[in-house]
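What the coordinates show
Below, each chain spelled out in residue letters.
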Amino acid sequence: MSRSASALRALTASFAALGLLTSVALAQQQLAIKPGAKLGLGRAALPEEIKAWDTDVRPDGVGLPDGKGTPKLGDAIFQERCSTCHGEFGEGVGRYPVLAGGLGSLKADRPDKTVGSYWPDATTLFDYIKRAMPYGNARSLTDDEIYAVAAYILSMNDVIKDENFELNKNTLAKIKMPNAAGFYEDDRDTTEKHFWNKSPCMSNCRDEPKVIGRAISVDVTPEGKNGPAVD
Amino acid sequence: MSKQAPKDVLNRRGFLGAAGLLAAGAALPIGKAKAEAAAQPDPAITEVHDFNKLLGDGVDRRPYGMPSKYEKHVVRRDVGWLTASAESSVNFTPLHELDGIITPSGLCFERHHSGVAEINPADHRLMINGLVEKPLVFTMEDIKRMPRVNRIYFLECAANSGMEWRGAQLNGCQFTHGMVHNVMYTGVPLKVLLDEAGLKPNVKWLMLEGADAAGLNRSLPIDKALNDVLIAFAMNGEALRPEQGYPLRAVIPGWQGNMWVKWLRRIEAGDMPWQTREETSKYTDLMPDGRARKHTFVMDAKSVVTNPSPQAPLKHKGRNVLSGFAWSGRGTIKRVDVSIDGGRNWGTARLDGPILDKSLTRFYVDFDWNGQEMMIQSRAIDDTGYVQPSKPELRKIRGVNSIYHNNGIQTWLVRANGETENVEIS
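As a convention, each chain's residues are numbered from 1 in the sequence order in which they are written. Lettering of chains starts at A and numbering of ligands starts at 1, both following the order in which they are written. Under the rules for a predicted model, residues below a pLDDT of 70 receive no local features and side-chain atom pairs below 80 are neither given nor counted, while totals for whole chains, interfaces and linings still include all residues. Processing note: side-chain calculations cover all non-hydrogen atoms of the structure and skip hydrogens and water entirely.

A short note on the overall build of chain B
- Elements are defined by DSSP. Helices are runs of H or I of four residues or more, strands are runs of E of two residues or more, and each kind is numbered from the N terminus. A count of helices and strands for chain B gives seven helices and 23 strands.
- Only the C-alpha atoms count toward the radius of gyration. The rule for a globule is 2.2 Å times the residue count to the power 0.38. Relative to its length of 426 residues, chain B is compact, with a C-alpha radius of gyration of 24 Å against a globular reference of 22 Å.
- Principal-axis analysis of the C-alpha atoms gives chain B an extent of 75 × 65 × 40 Å.
- The buried share of chain B, taken over its 426 residues, is 63%.
- The contact definition used throughout considers only heavy atoms, calling two residues in contact when any of these lie within 4.5 Å. Put simply, of all contacts in chain B between residues at least 6 apart along the chain, 73% involve residues at least 24 apart.
- With an accessible surface of roughly 16,300 Å², chain B has 53% of that area assigned to carbon and sulfur atoms.
- Separation of charge centres in chain B, based on 53 positive and 48 negative side chains, amounts to 3 Å. For every residue, the accessible area (1.4 Å probe, protein chains only) is compared with the maximum for its type, and the residue is labelled buried under 20%, exposed over 50%, or partly exposed between those bounds. For accessible areas, the Shrake-Rupley method is used with a probe of radius 1.4 Å. Any residue's cover is judged against the shown protein chains and nothing else. Charged-residue counts in this description rest on Lys and Arg as positive and Asp and Glu as negative, His and the chain ends being excluded. Charged side chains are reduced to one point each, which is NZ for Lys, CZ for Arg, CG for Asp and CD for Glu.

So this is what it looks like as structure tokens:
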């Protein structure tokens, strides 16, 4: 008998000795699983549980709840719940995110990426505010309040022009964002094909290099207060 | 070492000859007089120290062992001005203090969007819903009864080196390259969990969601999910650290760190991407024409010399070890080249330790330094033939405003006194 088979037999015997296997009622214990069988782990998710967690919203509007709000109502909520960080007009306080403006700046040397100038979908606003804002007290707004602040943010960006426009699950899904067409699928495999190179240069590959910039002259390491923004 | 004034790099002479020192066995003739200078006996040897004499701590003084008190400086560090608040911020792995390929758990960089969620595993649930035959809820105990695997993978934030697009900014590889770590994960292939719920035939994307106060959510293509994604509960042999997603996180090999959802609580199956804030407003790459690439998931091949680097200057002429990391989201590292003349001439480094798929790989060049200035660079080549590009090559296509995916070749200027700094070269 092989060693492992005898070990298995010893293990089975000790299970039996512990009363874990009662030879009459149970088939003999095996150290194996039935191939292809389900694990039999986990339990069915209840509808109430799915409802509690499944709050995500897709660009086609699937997932948007009932409820409504207008820019006018949203203005008041925004000033109370959001403006300490994002500013009265979404201009951003300190390094907190700017939420409005920047339209047409994406080609500029210093682009201003905001909800209005950059975001492709208005539905993302609802999904994101519902899960993450206000920062430090997330998931504390009602759906009506979320529709309202989203409407206010869209109105600050001139996407919604009428302060009494009713944002709800039907109107939000139909909103076209200014930069909706501004995105394309990863094309590195084609536009950067030349980075795949069978015989990279090994000697005399370039002219003599000159230092043209030094981190120590920028002086932002690590506790400096000035520097470029990163996300 | 002599503290001579830094030479003007623009007027170096005879520098190129030093490139030969990368070629195997071509050590430069260096005076070896220095080593014999010590005439006084060394008190480290001649004196009796307390630790030679007195009893040290007993076994239970440190039930969870910590590094020596002489390693206190080896910590993650942040850059205050980068972000508005510490709860939505980042700190950096001290790459220049590491060796081998594994990042110790306590040194793995952190990036949170609403702080670290502190979750009792008894209260943690993972839900799978959406386009599945049977929506399911799992406890941590359920997950630990599933077949598990062990895999070593790097995790790199897509914004690693993002501060450096316009030129040299931060003086230290910890800050320029420290949003990467390399860990052995223990977890369950996501496919095992999805099979249990039963995917409907029209599923094309999944959405992964965290339990933290950001509820961070990302869309993941189903092909990747079924290929090599893990749902991990352990790192480097022990439970995940809270800041790395305890008790459960996603592991998305080779793909940008933001997708590796921490504190993972839900996976929804669907037929289109969700266009979440993290995959539209963020983690899209703005190109010079004002349009942006999306779904740039894979991390391009990249490398960095960690020693010498600004935080780890050269201290000795003569024998030295140049060292660094290379990695690729597309596969394994095939070769790493090193230059000491700013990319004019290259030699091939020695890879050592495990060379694994989508893992940090360690490289070394053993060399004798004659005290000349060097412009040190490294260039990674992966098994798909991708060669890490120079920063100018990268900027030619991607401009300077894409924030993410800066895998350009880094230059360190080593001065004659050994001081090393982050420079941008022509």
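Now that the structure has been shown, we can carry on.
Considerations on the UniProt feature "domain: Moybdenum cofactor oxidoreductase dimerisation" (unreviewed entry) in chain B
- UniProt positions are given in the numbering used here, feature names are shortened, and annotations may be inferred rather than shown by experiment. Those places that UniProt annotates as "domain: Moybdenum cofactor oxidoreductase dimerisation" (unreviewed entry) correspond, in this numbering, to residues 295-410 of chain B.
- Each end of residues 295-410 of chain B is marked by a C-alpha atom, and these two atoms are 25 Å apart; helix forms 7% of the span and strand 40%.

What to know about the state of the cysteines
- Cysteine sulfurs are considered disulfide-paired once they come within 2.5 Å of each other. Under the counting rule described, the total for this entry stands at one disulfide over all chains.
- Paired through a disulfide, Cys 201 of chain A and Cys 205 of chain A show a sulfur-sulfur distance of 2.2 Å. Classification of the bridge connecting Cys 201 of chain A and Cys 205 of chain A rests on its S-S torsion, roughly -95°, and on that basis the disulfide is left-handed.
- The partly exposed category is assigned to Cys 201 of chain A, whose relative accessible area is 34%.
- The partly exposed category is assigned to Cys 205 of chain A, whose relative accessible area is 27%.
- Cys 157 of chain B supplies the cysteine sulfur nearest to Cys 108 of chain B, a cysteine that is in no disulfide, at a spacing of 14 Å.
- You can call Cys 108 of chain B buried: its relative accessible area is 0%.
- Of the residues examined, Cys 157 of chain B reaches a relative accessible area of 5% and is grouped as buried.

A word on empty space enclosed by the protein
Residue and element names in this part refer to chain B.
- Using protein atoms alone on a 1 Å grid, points that fit a 1.4 Å probe yet trap it form a cavity, whereas open point sets bounded by protein on both sides within 12 Å along at least five of seven lines form a pocket; residues with an atom within 4 Å of a point count as lining. Grid points are joined across faces, edges and corners, and a volume is the space filled by probe spheres set on the points. With the rule as written, the count across this model stands at four cavities of 30 Å³ or more.
- Approximately 240 Å³ is the volume attributed to the largest cavity.
- Forming the boundary of the largest cavity are 20 residues, of which Arg 111, Arg 249, Gly 257, Asn 258 and Lys 262 lie nearest the centre.
- Tallied by class, residues from the lining of the largest cavity come to eight nonpolar, seven polar and five charged. When residue character is reported, Ala, Val, Leu, Ile, Met, Phe, Trp, Tyr, Cys and Pro are called nonpolar, Asp, Glu, Lys and Arg charged, and the others, Gly included, polar.

Describing the sheet that holds strand E14 (residues 292-294) of chain B
- Strand pairing requires that DSSP identify at least two bridges connecting the strands. Overall, mixed pairing links the three strands, which are arranged E2(A)-E14(B)-E13(B) in an open sheet. Only two strands of the sheet have a single partner each, and these edge strands are strand E2 (183-185) of chain A together with strand E13 (285-286) of chain B.
- For E2 of chain A and E14 of chain B, the ladder comprises three bridges, and the chain directions are parallel. Residue pairing for E14 of chain B: Phe 183 of chain A is matched across the bridge by Ala 292 of chain B.

Description of the UniProt feature "domain: Oxidoreductase molybdopterin-binding" (unreviewed entry) in chain B
- Summarizing the sequence annotation, UniProt attributes the feature "domain: Oxidoreductase molybdopterin-binding" (unreviewed entry) to residues 113-274 of chain B in the numbering used throughout.
- Regarding residues 113-274 of chain B, the helix share stands at 14% and the strand share at 35%, and the terminal C-alpha atoms are separated by 19 Å.

Examining the pattern of salt bridges
- Salt bridges, as used here, are contacts in which a Lys or Arg side-chain nitrogen is within 4 Å of a carboxyl oxygen on Asp or Glu. Summed over all chains, the structure comprises 44 salt bridges over all chains.
- For Asp 109 of chain A, the salt bridge is made with Arg 166 of chain B, and the minimal N-O distance between the two is 3.2 Å. Residue Asp 109 of chain A is located in the loop between helix H4 (83-86) and helix H5 (123-132), and its partner Arg 166 of chain B is located in the loop between strand E5 (149-156) and helix H4 (173-177); the two belong to separate chains.
- Among the salt bridges present, the one from Arg 76 of chain B reaches Glu 110 of chain B, with a minimum N-O distance of 3.4 Å. One end of the pair, Arg 76 of chain B, is in the loop between helix H2 (50-53) and strand E1 (77-78); the other, Glu 110 of chain B, is in the loop between strand E2 (91-92) and strand E3 (125-130), and 34 residues separate them in sequence. In this pair, the class of Arg 76 of chain B matches that of Glu 110 of chain B, namely buried.
- Linked by salt bridges that have partners in common, Asp 186, Asp 187, Arg 188, Asp 189 and Glu 192 of chain A together with Arg 293, Asp 300, Arg 330 and Arg 398 of chain B make up one network.

Considerations on the side chain of Asn 179 of chain A
Residues and elements named next belong to chain A.
- Topologically, Asn 179 is positioned in the loop between helix H7 (169-174) and E2.
- Take Asn 179: its relative accessible area is 10%, and that puts it in the buried class.
- Not counting residues up to four positions away in its chain, the partners in contact with Asn 179 are Leu 106, Ser 117, Tyr 118, Trp 119 and Pro 120.

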